[in-house]
Amino acid sequence: MMFKTLSPSKLKHLIPLINSYTKPVSNILIPLPIPFFLNPTKTLNPPFTTSIFRPFSSKPRSQFPHQPNFRDGNYDESSAFSLSICPGCGVHMQDLDSKKPGFFVKPSVKGSDCKTLIDKNPVAEELEISGSVKKGFLEIENDETPEKNLVGLPKKPVVCARCHSLRFYGKVKDSSVENLLPDFDFDHTVGRRLSSASGPRSVVLMVVDAVDFDGSFPRTVARLVSNTIDENYKAWKEGKAGNVPRVLLVVTKIDLLPTSVSPTGLEHWVRTRAREGGASKLAGVHLVSAKRDWGLKNLVDDVVGLAGSRGHVWAVGAQNAGKSTLINAIGKSVGGNVTHLTEAPVPGTTLGIIRVEGVLPRQARLFDTPGLLHPHQITTRLTKEEQKLVHISKELKPRTYRIKAGYSVHIAGLMRLDVEETLVDSIYVTVWASPYLPLHMGKTENILTMLEDHFGRQLQPPNGKSRVEELGNWVKKEFRVSGNSWDLSSVDIAAAGLGWFAIGLKGEALLNVWTYEGVNVISRNSLIPHRSHNFEVAGFTVSQIVSNADRALNKPSKTTKSKKMSNLTGATATVSAQ
């Protein structure tokens, strides 16, 4: 028998569907009744099982138990199969409550013919209708079984709503959900695995930001790993089980440093600062740039050699140090199908441990971990808009002042340096910070006027007068510095998460540095010795923030002046009329 095939849209006014649909199925699925006048175009869309059958369970979907949001991510393979982990940030995903962490929207399921053109000709144009159709038998044009029409997983991995918002809009979708996230317990999740005397070989990638080295250096991790190395190495020498971790110090974002910085001098400076920070046992130091692919090949070769065929590699570092960006760049350099991690200039982008596939050969594994919270960084107390101004995204340029005792230099409304005493006439102060931050140089005796009139306006951040009070009180820290050259900076005074003052002098000086209470301020050997040969002048530096503040300040005065002129003109006209 031959059947005439008709499009479903041509049958909707002619064919009443039967009350039930029978098909051999497994005993797990239960057939459901179909409404009498159900739209045929929907009943014919494969697969039938998606619209006609439901799972054998008495619980509605909303009552299924929801897994808690742990931050262990997908470290264990057993949890990876039972729980859905966001491949972008490592949080456990759920689709029940948009006000809870890990919420995601399931992509709509489309058939294989979702892009097929629909025949919109009216039914009246059909020349004849076959007898089989009149008897209620339909012939489906597609001979494939419903199982073959099922659409598999999407080509792009599904991520949580938070990752989607960060990737496409650069901000968190719902900031209130951030407060529901549990704190990342490094000692419980990663520390106990690193300190274990048994298990796979451990390699620690200690990731540090080049332009905020001391603020992003993970001192707690450095001390933990160094102690573990000492203990396990001693046990290994005695013939006991001893897993000795290998530590690679990876300095990222070196493209933000001036090109005049010597790689050899920078590596020596990094090793010295790392040793003072507690990392006494380093297997190597790598200076890399994920943005420009500098040093990535040597880093990958070193990691593969240290990890072996079954080792575990842990990427550890402070929030916004660049771990996820570094891993994504490594994945591109090695090629293959590599997990793409969410990266954004927002602290705390990664929420759970993420097992990154496709980077290391054989059974070796690479794990990205959530950023460590360093409360001594000034960025932890700033708003998102203020963080954008502080964030360094371009190559640093020096801004140098030649000042003498009794003068001060402000970095926005976040930090101030006072020259109290000096044995020489003047010293050179070079500011290394974000170019978006305005600077000011003036007499120290005018500090109260600066605080009342310009903080929150010309000197931003903080953005607004109310934010000045919210950030709290300033505290002072004294530094006695010395140098032996006018042309090169000898000492840095750095604030965690902000930047630093580089001091160049020939002799000694007493300096006072002011910033908000709790922000870590340290002195160190100069990272970038050279300074600018063009000096900044007294007053505010030219910036968009200062221009906008001046414009807003001058607008009311102009309005008042125009009103006075109009009143004077009106009075003159009245006198003339009399």
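A. Quick peek at the sheet that holds strand E14 (residues 474-484). With respect to topology, 6 strands assemble into an open sheet ordered E14-E17-E11-E10-E13-E19, the strand pairing being antiparallel. Unpaired on one side and paired on the other, E14 and strand E19 (539-540) mark the two borders of the sheet. Note that E14 and strand E17 (residues 506-516) share 11 bridges and pair antiparallel. Residue pairing in the sheet places lysine 477 in a bridge with valine 513 of E17.

B. Spotlight on the nonpolar core. Formed by 43 residues in total, the largest nonpolar core has its most connected members in Ile411, Leu417, Ile427, Leu498, Phe501, Ile503 and Leu511. With 4 residues, E17 is the largest single contributor of residues to this core. Excluding residues that lie within four positions of it along the chain, isoleucine 503 makes contacts with Leu417, Ile427, Tyr428, Val429, Val481, Ser489, Ser490, Val491 and Leu511. Residues Val247, Leu257, Val316 and Ala494 belong to the second largest nonpolar core, which totals 42 residues.

C. Structural detail: the pattern of salt bridges. Applying the stated criterion to the full structure yields 17 salt bridges. Linked by salt bridges that have partners in common, Asp214, Arg219, Arg273, Glu276, Asp492 and Arg524 make up one network.

D. Here's a closer look at the packing of helix H8 (residues 186-194) against helix H10 (residues 219-237). The contact between H8 and H10 brings their axes to 10 Å, and the two run at 30 degrees. In this view, H8 runs roughly parallel relative to H10, as classed from their interaxial angle. Crossing angle aside, the handedness with which H8 passes H10 is right-handed. Within the contact between the two elements, H8 uses Phe186, Asp187, Gly191 and Leu194 and H10 uses Val221, Leu224, Val225 and Thr228. Taken together, the residues that form the contact of H8 with H10 break down as 5 nonpolar, 2 polar and 1 charged.

E. Representation of the packing of helix H12 (residues 296-307) against helix H13 (residues 323-334). Viewed as axis vectors pointing N to C, H12 and H13 meet at an angle of 90 degrees, and their least axial separation amounts to 10 Å. Taken together, the axes of H12 and H13 lie roughly perpendicular to each other. Of the residues in H13, those in contact with Leu296, Leu299 and Val300 of H12 are Leu326, Ala329, Ile330, Ser333 and Val334. Partitioning the contact of H12 with H13 into residue classes produces 7 nonpolar, 1 polar and no charged.

F. Unusual backbone geometry, seen in detail. The omega torsion across glutamine 460 and proline 461 is -10 degrees, close enough to zero to call that bond cis. The residue proline 461 is located in the loop between helix H15 (447-453) and helix H16 (465-470) in this model. A cis amide bond links proline 461 to the next residue, proline 462, at an omega of 0 degrees. As for its placement among the helices and strands, proline 462 is situated in the loop between H15 and H16. Positive phi outside glycine occurs at lysine 253, with the angle close to 60 degrees. Relative to the assigned elements, lysine 253 resides in the loop between strand E4 (246-252) and helix H11 (263-276). For lysine 253, a relative accessible area of 17% corresponds to the buried category. Of note, the phi angle at alanine 412 is positive, near 50 degrees, even though the residue is not glycine. Here alanine 412 is to be found in the loop between strand E10 (407-411) and strand E11 (415-422).

G. Highlighting the environment of phenylalanine 540. Its place among the elements puts phenylalanine 540 in strand E19. On the basis of relative accessibility, which here comes to 27%, the residue phenylalanine 540 falls in the partly exposed class. The residues contacting phenylalanine 540, other than those within four sequence positions of it, are Leu439, His440, Met450, His454, Gln458, Leu459 and Val546.

Rules behind the numbers
- Residues numbered from 1 in each chain as written.
- Predicted model: local features only at pLDDT ≥ 70, side-chain atom pairs only at ≥ 80, totals over all residues.
- Heavy atoms only, no water.
- Pairing = 2+ DSSP bridges.
- Helix = DSSP H or I, 4+ residues; strand = E, 2+ residues; numbered from the N terminus.
- Core = buried A, V, L, I, M, F, W, Y, C linked by side-chain atoms within 4.5 Å.
- Buried < 20%, exposed > 50% of the residue type's maximum accessible area, 1.4 Å probe, protein only.
- Contact = heavy atoms within 4.5 Å.
- Salt bridge = Lys/Arg side-chain N within 4 Å of Asp/Glu carboxyl O.
- Axes fitted to C-alpha atoms, helices over the stretch in contact; angles between N-to-C directions.
- Parallel < 35°, antiparallel > 145°, perpendicular 65-115°, else oblique.
- Left-handed = near helix turned anticlockwise from the far one by under 90°.
- Nonpolar A, V, L, I, M, F, W, Y, C, P; charged D, E, K, R; others polar.

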